[in-house]
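Architecture at a glance
One-letter residues, chain by chain:
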Amino acid sequence: MSDNRVKSIVIVGGGTSGWMSAAALAKVLGPTYSITLVESEEIGTVGVGEATIPMIKVFNQALELDEADFIRSTKGSFKLGIEFVNWGQVGDSYIHGFGKIGQDLGLTAFYHYWLKARQLGQAEDFDHYSICTAAARANKFMPAVPDRPNSPLADLGYAYHFDAGLYAKYLRAYSEKRGVTRIEGKVKEVQQRPDDGFIDAIVLESGQRIPGQLFIDCTGFRGLLIEQTLKAGYVDWSHWLPANRAAALQCETNGPLTPYTRSTAQEAGWQWRIPLQHRVGNGYVFSNEYISEDEACAKLLSRLEGRPLMDPKVLRFTTGKRRKFWDKNVVAVGLSSGFMEPLESTSIHLIQSAIARLTNFWPREGFDQTDIDEFNAHSDFEFDKIRDFLILHYHATERTDTPFWNYVRTMDVPESLKRKLALFKSNGRVYRQAEELFAEPSWVQVMLGQRLQPAGYSGMVDAIDSEAAVRHVQTVGGVIASCVRAMPTHQDFIARHCAAPMAA
Ligand code: FAD
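Each value, and the rule that gives it
Residues numbered from 1 in each chain as written. Predicted model: local features only at pLDDT ≥ 70, side-chain atom pairs only at ≥ 80, totals over all residues. Heavy atoms only, no water. 1 Å grid on protein atoms, 1.4 Å probe; cavity = no way out; pocket = protein on both sides within 12 Å on 5 of 7 lines; lining within 4 Å. Points joined across faces, edges and corners; volume = space filled by probe spheres on them. Nonpolar A, V, L, I, M, F, W, Y, C, P; charged D, E, K, R; others polar. Domains from an automatic or database assignment. Helix = DSSP H or I, 4+ residues; strand = E, 2+ residues; numbered from the N terminus. Buried < 20%, exposed > 50% of the residue type's maximum accessible area, 1.4 Å probe, protein only. Salt bridge = Lys/Arg side-chain N within 4 Å of Asp/Glu carboxyl O. Phe/Tyr/Trp six-rings, centres within 6.5 Å; stacked < 30°, edge-to-face > 60°. Lys NZ or Arg CZ within 6 Å of the ring centre and 35° of its normal. Near = heavy atom within 4 Å. Polar contact = N/O pair within 3.5 Å; in protein donor to acceptor, adjacent residues only side chain to side chain. Areas by Shrake-Rupley, 256 points an atom, 1.4 Å probe, with all protein chains shown as cover.

**Considering the layout of surface pockets**
- Considered as a void within the structure, the second largest pocket measures approximately 850 Å³ in volume.
- Surrounding the second largest pocket, 35 residues form its lining, Met-55, His-349, Ser-353, Glu-382 and Leu-437 being those nearest its centre.
- Tallied by class, residues from the lining of the second largest pocket come to 19 nonpolar, ten polar and six charged.
- Two domains share the lining of the second largest pocket, each providing at least three of its residues, namely domain 1 (8-50 + 163-236 + 319-367) and domain 2 (97-157 + 400-490).

Printed below as a string of structure tokens:
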């Protein structure tokens, strides 16, 4: 009996996407499959991508990583959400916190009760009703306590910040231990089968030929296989997400170790701040139509909290997605599949979900076009929904102070986003569509944070009297505040459980 199973996998690229793919496939496929990863130290990696969302924990659990060892090895920290500064108006600050908001009553979401209580002048800012946001504001952190089902501590969602270089190194060690073969070298030629264009092999500058059945393109913005070879095409979203550059650098820490990412809106984009144990990552994401690269670098340097540890590095990109994520026997994972800018730290998640999707559609005997089409449709849906959520941050603003903000505030947005905005503005309703990544709490926090005020709230709230609704909101706020008071500081938690050894 002939064995046509896809058993020889070649991963091209050794950035975050390459090593995440290698680690996950080595774990799920086991030693009878051959996994080879090719990377070029000379070309290097983008070297950014240090903030994540809570689903990364699922990935780490699937790999059976020890959390404390992982944090220590990547000099990481914990992330309870993202603080958005100056987005609705200069001077504003809100947090998109992870996890649940408040406590739902019956089938009606907590935030509807808050909307009513707020209209009656009886509720504090929305920030007070998310355990993650309230803890982030107080620089506190602890993991969830799942065995306390009625406590907000059971709902504490979190993610990580980590050093991208150390993360790839960590996953490389993990993968090599499980049989992945790493080959150093630059791909100079991609060989296709003459009959159907499937990729047969890659050839390195050294002359080494590496054949394979399935190729995973993790070559970053280059898209060496998916685009340069197969010409899968790209959907350009820069009219909606106009940032096309990022100036990035690291600086010394100056202040407490905060458990959240900060995103500060600037004149022509926004600036990130990612706190790690040994340094702070910073970057100015901007559009070069509104500010030059030199000026953006100068602005970034002038806004650092500590001494810079390097010169700014400018990265160039076009926001959008690949037209086909999987084409023939090539699957694009990571930046080769598209990039929607780092505003909500979604790229590493997209790597993880592409790998999970690939395992769901793993070919049995050769390749099946219906599987490939379905894989691509799921990927499209995921990208489109995240795109809308990102556009929301730019579009729902009252800022009129620079040409950049005037453009994004007045631009036409996708119909799918228009519907979501209209629904929220009337009665504060938000619906999560199918498996879209961001659920109701995320949309509500960002919409309110960006100064969208719904006219009403769900009619279900009026099924109980106003005093009871207000009492519920106030009780939830009080319980969250007392939980936060009892939590350790983020710094203390790390010192106790997962402090990284600091090199001299
Ligand atoms: P790369 O890191 O570019 O790796 C490409 C690999 O391919 C390298 O190993 C390179 O050597 C290899 N390669 C390329 N060509 C060849 C060749 N010819 N021969 C051999 N090897 C080759 N994501 C988040 O989730 N959170 C964030 O906070 C975040 N911030 C970001 C900020 C910016 C400014 C940018 C641009 C991205 C950010 N991302 C973020 C995205 C994140 O950085 C990427 O998703 C992640 O690093 C994966 O990159 P990659 O592995 O696809 O590509």
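More follows now that the structure is in view.
**With respect to unusual backbone geometry**
- The phi torsion at Lys-231 lies on the positive side, around 55°, for a residue other than glycine.
- Turning to its location among the elements, Lys-231 is positioned in the loop between strand E11 (214-217) and strand E12 (234-236).
- Classification of Lys-231 as exposed rests on a relative accessible area of 60%.
- In this model, Arg-451 sits at a positive phi of 80°, which is unusual for a non-glycine residue.
- Within the element layout of this structure, Arg-451 appears in the loop between helix H12 (440-449) and helix H13 (466-486).

**A closer look at the pattern of salt bridges**
- Throughout the structure, instances matching the rule amount to 34 salt bridges.
- Where Arg-182 meets Glu-39, a salt bridge forms, and the shortest distance between an N and an O atom there is 2.6 Å. With Arg-182 in strand E7 (residues 181-184) and Glu-39 in strand E2 (residues 34-39), this residue pair connects regions lying 143 residues apart in the sequence. Glu-39 carries the same exposure label as Arg-182, and that label is buried.
- The salt bridge partner of Lys-100 is Asp-155, with a shortest N-O separation of 3.8 Å. Here Asp-155 lies in the loop between helix H5 (131-137) and strand E6 (159-161) and Lys-100 lies in the loop between strand E5 (93-97) and helix H4 (110-119), a separation of 55 residues in the sequence.
- Note on Lys-100: relative accessible area 32%, which makes it partly exposed.

**Regarding the packing of aromatic side chains**
- For the coordinates displayed, the defined rule picks out 34 aromatic pairs.
- Where Tyr-394 meets Phe-404, the ring centres are 6.0 Å apart and the plane angle is 75°; that geometry is what we call edge-to-face. With Tyr-394 in helix H9 (residues 369-395) and Phe-404 in helix H10 (residues 403-410), this residue pair connects regions lying ten residues apart in the sequence. The two residues Tyr-394 and Phe-404 agree in class, both being buried.
- Ring pairing ties together the aromatic residues Phe-70, Phe-78, Phe-141, Tyr-158, Tyr-160, Phe-162, Tyr-167, Tyr-170 and Phe-493, which thus form one cluster.
- We note Lys-7 situated over the ring of Tyr-33; from NZ or CZ to the ring centre the distance is 5.2 Å.
- Over the ring of Tyr-174 we find Arg-178; its NZ or CZ atom is 3.6 Å from the centre of that ring.

**Section: the site of the ligand**
- Around the ligand, 35 residues are found, and the nearest of them are Gly-14, Ser-17, Ala-51, Val-187 and Ile-348.
- Ser-17 places a side-chain nitrogen or oxygen 2.7 Å from an oxygen atom of the ligand.
- A distance of 3.4 Å is found between an oxygen atom of the ligand and a backbone nitrogen or oxygen belonging to Cys-218.
- Protein coverage of the free-state accessible area of the ligand, which is 1,000 Å², stands at 97%.
- Taken together, the elements giving at least two residues each to the shell around the ligand come down to helix H1 (16-29) and helix H8 (347-360).
- Of the residues forming the shell around the ligand, the biggest block, three residues, is contributed by H8.

Everything listed here is a matter of geometry and, on its own, says nothing about what the molecule does.
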